[in-house]
Amino acid sequence: MRIHRQPDELRPVRMQKNFTETNGGSVLISCGKTSVLCTALLESGVPPFLIGSGKGWLTAEYAMLPSSTGTRKRRETLKPDGRSTEIQRLIGRSLRHAVDLSKLGENTVYIDCDVLQADGGTRTASISGAYVALALGIERWLSEGRLNENPLVHQVAAVSVGIVDDVPLLDLCYKEDSAAQIDMNLVMDESGSFIELQGTGERRAFTPDELNSLLALGKKGISELMRLQRES
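Residues numbered from 1 in each chain as written. Predicted model: local features only at pLDDT ≥ 70, side-chain atom pairs only at ≥ 80, totals over all residues. Heavy atoms only, no water.

A. How the structure looks around the pairing of strand β7 (residues 167–170). Relative to β7, strand β6 (residues 156–164) is paired through four bridges, and the arrangement is antiparallel. By the bridge assignment for β7, I163 is matched with P168. Hairpin connection from β6 to β7: two residues lie between these consecutive antiparallel strands, with D165 at a positive phi of about 55°. (Pairing = 2+ DSSP bridges. Helix = DSSP H or I, 4+ residues; strand = E, 2+ residues; numbered from the N terminus.)

Shown next as structure tokens:
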């Protein structure tokens with residue numbers, strides 16, 4: 001099931017920064033055969049519950065292009081499906097941990113993650129890529145005077161782990177994920193603290209020792225992803 005890499009090895013990762021010419025930041029992240037275009041844009045104004053607070057906001061949207069999977073996926077024109085809604089909320093929660101909202105002023109950062117090709121790990125690739133897009137955007141907004149101070153307070157990355165045929169694996173592709181007995185997604189910051197854990201016994205329950213093995217794999221993978229983020 002595991003092809004051309006070790007169980008604790010990430011799929012090949014590439015982050016192509018400034019992929020689009022926008023007024024913010026952008027990166028095309030590829031994790032194996034999964035490719036996601038992540039962008040970050042800054043606009044004035046905040047949701048009603050923040051008006052007058054002096055604080056900003058960060059929100060995210062996620063979508064899969066119709067041709068991103070083996071069979072055509074219906075375009076999400078009016079509203080995202082349930083899975084996309086859950087993922088974009090995860091992306092928003094994760095990236096809000098990266099910023100001090102009080103340093104945004106009454107502005108909103110919009111994170112957009114569009115899956116060009118899906119082969120497992122689209123939500124984790126979106127988070128890792130979106131962080132780079134956000135960091136690039138903040139650098140630009142500071143230089144343009146649109147922000148007065150740097151709101152970035154944490155580095156954030158995410159990775160999937162799982163157990164397939166009783167073997168703990170890092171960074172599952174679609175075939176591995178489909179066969180997984182245990183499936184987890186980890187989001188962490190640079191201190192090694194967890195922002196979110198999503199774990200499910202798909203085909204059986206898992207033991208505390210197996211959980212610890214998966215967490216160790218995830219920490220290793222996220223450390224490598226953070227190094228790649230900094231290089232980008």
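B. Region of the structure containing the packing of aromatic side chains. Taken as a whole and assessed by the stated rule, the structure comprises one aromatic pair. With a centroid separation of 5.3 Å and an interplanar angle of 85°, the aromatic rings of F49 and W57 are classed as edge-to-face. Residue classification places F49 among the exposed residues on the basis of a relative accessible area of 58%. (Phe/Tyr/Trp six-rings, centres within 6.5 Å; stacked < 30°, edge-to-face > 60°. Buried < 20%, exposed > 50% of the residue type's maximum accessible area, 1.4 Å probe, protein only.)

C. Just the layout of surface pockets, in detail. Taken as a whole, the largest pocket holds about 390 Å³ of empty space. What lines the largest pocket is a set of 16 residues, and nearest its centre among them are R83, G120, G121, Y174 and D177. Of all the elements in the fold, those that place two or more residues in the lining of the largest pocket are α2 (122–143), α3 (174–179) and β8 (182–189). (1 Å grid on protein atoms, 1.4 Å probe; cavity = no way out; pocket = protein on both sides within 12 Å on 5 of 7 lines; lining within 4 Å. Points joined across faces, edges and corners; volume = space filled by probe spheres on them.)

D. Expanded view of α2. Spanning 22 residues, α2 covers 31 Å between terminal C-alpha atoms, matching the ideal 32 Å at 1.5 Å per step. In terms of burial, α2 is largely enclosed, as 17 of its 22 residues are buried. Just downstream of α2, G145 is the residue with a positive phi angle, here 80°. (Expected span 1.5 Å × (residues − 1).)

E. Geometry of the pairing of strand β2 (residues 25–31). In terms of residue burial, β2 counts as a mostly covered element, since seven of its seven residues are buried. With burial as the criterion, each face of β2 is covered, one bearing G25, V27, I29 and C31 and the other bearing S26, L28 and S30. Where β2 and strand β3 (residues 34–44) come together, seven bridges link them in antiparallel fashion. If you follow I29 over to β3, its bridge partner there is V36. Where β2 folds back onto β3 in an antiparallel hairpin, the turn is made up of two residues, including G32, whose phi is positive at roughly 65°.

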